[in-house]
Amino acid sequence: MNQAIHYVNQSHVNQGQINQNGTALGTSIPAQAVTIAIGDTLEKTELLTSLGQACDFPSYFSHNWDSAWDCLTDSEAIHLRLDLTDVKRINTEDFNVFKSIIEDAFREFGKPQLWVIVPSEDEAYALET
């Protein structure tokens, strides 16, 4: 795969739906993907803390974007998984910076790749109403 970020609909993961190549979409997320645990709010502090814990960042990780990039590119983590299905609020600026870090690291080092699991359309509609 030649892209850093992949979006997977939750219904494809849960129901094992099939893509055009005849493989289950849920299995496109590598089994060794490290899960970044997020609560009901995605924002910088929680995202950096969860990323550091998931990827076992060293003690000198200083919980800022630059340090996250440095530690991430030094990390053994090649595949990351971020499940947004239970997230109620996303700080889009923080999420966009995080995605930029992933894309930049992937461009420079060929890793990591991030799989973002998004709510199915029915669930996303229910959250909006």
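Let us look at the structure shown here.

Thresholds applied
- Residues numbered from 1 in each chain as written.
- Predicted model: local features only at pLDDT ≥ 70, side-chain atom pairs only at ≥ 80, totals over all residues.
- Heavy atoms only, no water.
- Axes fitted to C-alpha atoms, helices over the stretch in contact; angles between N-to-C directions.
- Helix = DSSP H or I, 4+ residues; strand = E, 2+ residues; numbered from the N terminus.
- Parallel < 35°, antiparallel > 145°, perpendicular 65-115°, else oblique.
- Left-handed = near helix turned anticlockwise from the far one by under 90°.
- Contact = heavy atoms within 4.5 Å.
- Nonpolar A, V, L, I, M, F, W, Y, C, P; charged D, E, K, R; others polar.
- Buried < 20%, exposed > 50% of the residue type's maximum accessible area, 1.4 Å probe, protein only.
- Pairing = 2+ DSSP bridges.

### Considerations on the packing of helix α2 (residues 44-54) against helix α3 (residues 65-74)
Then, in step 1: For the pair α2 and α3, the least separation of the axes is 11 Å and the interaxial angle reads 20 degrees. Classed by the angle they form, the pair α2 and α3 counts as roughly parallel. In terms of crossing hand, the pair formed by α2 and α3 is left-handed. Of α3, the residues touching α2 (which contributes K44, L47, L48 and L51) are W65, A68 and L72.
Then, in step 2: Here the residues of the contact of α2 with α3 are counted per class, giving six nonpolar, no polar and one charged.

### Description of the pairing of strand β1 (residues 5-9)
Then, in step 1: Here β1 lies mainly inside the structure; four of its five residues are buried.
Then, in step 2: Pairing analysis gives five bridges linking β1 to strand β6 (residues 113-118), with the strands arranged parallel. Its bridge partner lying in β6, H6 is registered against W115.

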